[in-house]
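# Commentary on secondary and tertiary structure
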Amino acid sequence: MTQQPVEMILARQLTGYLSVPVILVDTAGTVVFYNEPAERMLGVRFEETGRIEREETDRLVELSDDPTAKPGDAGHPLEIALEERRPAHAHRLMLRRSDRVRLQIEVTAFPLIGQEGKLLGAVVMFWERPGP
Amino acid sequence: MNVTLYGVRGSLATPGPLTARYGGNTSCVGLTGADGSVVVLDAGTGIRPLALELPKGLTRVDVLLTHLHMDHILGLGFFGPLYDPRMEVHIWGPASATLSLEGRLRRYLSPPLFPVMLRDVPCRLELHHVVRGPVPIGGFLVTAGRVCHPGPTVGYRIETGTASLAYLPDHEPALGARRFPLEPEWTSGFDLARGVDLLLHDAQYTREEYPRHVGWGHSTIHDALAFARLAGVKHLVPFHHDPGREDAALEAAVETAVRDVHPEFSVTPAAEGARFELG
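Residues numbered from 1 in each chain as written. Chains lettered and ligands numbered in written order. Predicted model: local features only at pLDDT ≥ 70, side-chain atom pairs only at ≥ 80, totals over all residues.

### Concerning the overall build of chain B
For the record, the criterion: A run of H or I in DSSP becomes a helix once it reaches four residues, and a run of E becomes a strand once it reaches two; helices and strands are each numbered from the N terminus. Exposure classes come from backbone-placed C-beta atoms, where a residue is buried if 20 or more other C-beta atoms lie within 10 Å of its own, exposed if 12 or fewer do, and partly exposed in between. Contact between two residues is assigned when their C-beta atoms, built from the backbone, lie within 7 Å.
Along the backbone of chain B there are six helices and 14 strands. Summarising its shape, the C-alpha atoms of chain B cover approximately 50 × 40 × 40 Å along the three principal directions. Burial statistics for chain B: of 279 residues in total, 51% are counted as buried. Within chain B, residue pairs in contact and separated by at least 24 positions form 66% of the contacts whose partners lie at least 6 positions apart.

### A look at the sheet that holds strand S11 (residues 198–202) of chain B
Residues and elements named next belong to chain B. Just so we agree on the cut-off: For two strands to be treated as a pair, DSSP must find at least two bridges joining them.
On the basis of which strands lie adjacent, the open sheet formed by seven strands has the order S7-S8-S9-S10-S11-S12-S13 and mixed pairing. Because the sheet does not close on itself, it has two edges, and the strands there are strand S7 (135–137) and strand S13 (266–267). Here strand S8 (residues 140–146) pairs with strand S9 (residues 154–159) via six bridges, running antiparallel. The residue of S9 that forms the bridge with Thr-143 is Arg-157.

### A closer look at the interface of chain B and chain A
Just so we agree on the cut-off: Under the grouping applied here, Gly and all other residues not named as nonpolar or charged are polar, the nonpolar ones being Ala, Val, Leu, Ile, Met, Phe, Trp, Tyr, Cys and Pro and the charged ones Asp, Glu, Lys and Arg.
With 17 residues of chain B in contact, the opposing surface of chain A contributes 13 residues. Its residues assigned to classes, the side of chain B that touches chain A shows nine nonpolar, four polar and four charged.

### Some remarks on the sheet that holds strand S5 (residues 88–93) of chain B
Residues and elements named next belong to chain B. Threshold: Note on method: axes are straight lines fitted to C-alpha atoms, helices fitted across the in-contact stretch only, with angles between N-to-C directions ranging 0 to 180 degrees.
Strand order across the open sheet formed by seven strands is S6-S5-S4-S3-S2-S1-S14, with mixed pairing between neighbours. Each edge of the open sheet carries a strand with a single partner, namely strand S6 (124–129) and strand S14 (275–277). Direction aside, the axes of adjacent strands within the sheet are offset by 20° on average. Where strand S1 (residues 2–7) lies against S14, three bridges are found, and the strand directions are antiparallel. Within S14, the residue paired with Asn-2 across the bridge is Glu-277.

This is the structure in structure tokens:
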């Protein structure tokens, strides 16, 4: 396994100290790490899944628009972060876990761009919404 | 590849009788290839004595900077070849997100910090931003990689057909890790150090000292040993000794770490004047 860029390594170390669920993805959209709060939210530990290719993420979690979403919430924050290299936030998304549990969430994603201007991946943060 | 250590002290030059055995000059290492090409790693105060030993008739020298903290560039203004119009000097180092390498070096090599302007040195000077590589430099193949240390900082892997060296003098791969080392994929500097014949690695602190210096960009001697084991190196040279570590204390600290870790590779604390022949 090739070593991750040091910026991604530092991002992983930081997420280990946060109480917010965070997923790190590489430039291909592969999930390369998620922290303990994300494990709790997703219902599965990172040690069990390891890295998850983009096409396999649907087996773990499914994101869909919340029926009450506003027009401004269109677009997947992760895709915007990786493809347009800008931060994005979705106020109303539904997250369905592999055990069928549904959660109302907000999602923030931002690209990780190194000092050489190279896109290294993205950080995706999940915010659970208690009510409608 | 011949490797000679001219400066092994971290942070601040510490001359004097209490550091005479391991030396007080700051980071500088000289490499000589089979074809006679010379590469200098960092420009700490050790670069002045290095320059005195350069072969007569040498026309090109490459200086590879890991970063621009003062202990790694303080000797640059006193590097003899800069003032020799027959010499071609190439300086490689990291840019920042907003300043070129030249712009960053000029902050030191200009008044009021230094009387001679970088643009006025008489040698043929070329500055290069490091790229990941590998890049051929003389008889060496050089790979640079960003490593965990405050500010833009790289480590180097230098190879010939028969030998390999990794140079990570300022490196804190354990920063933020709840256990260290993590897997190779998540360990800063791993790709640079993987399987090298000789690893020169930051070993500034003892385990007792480290909690007061977390985030300063340096490793414990124990972590240097753990990193070397993870990378599968053949020989570790703990480097960048703390300026407060006198000779006897340095030997005791390394001996303690070796006793605790039981490395399956050689460990030789960096000492000024030490030479290693690789390949």
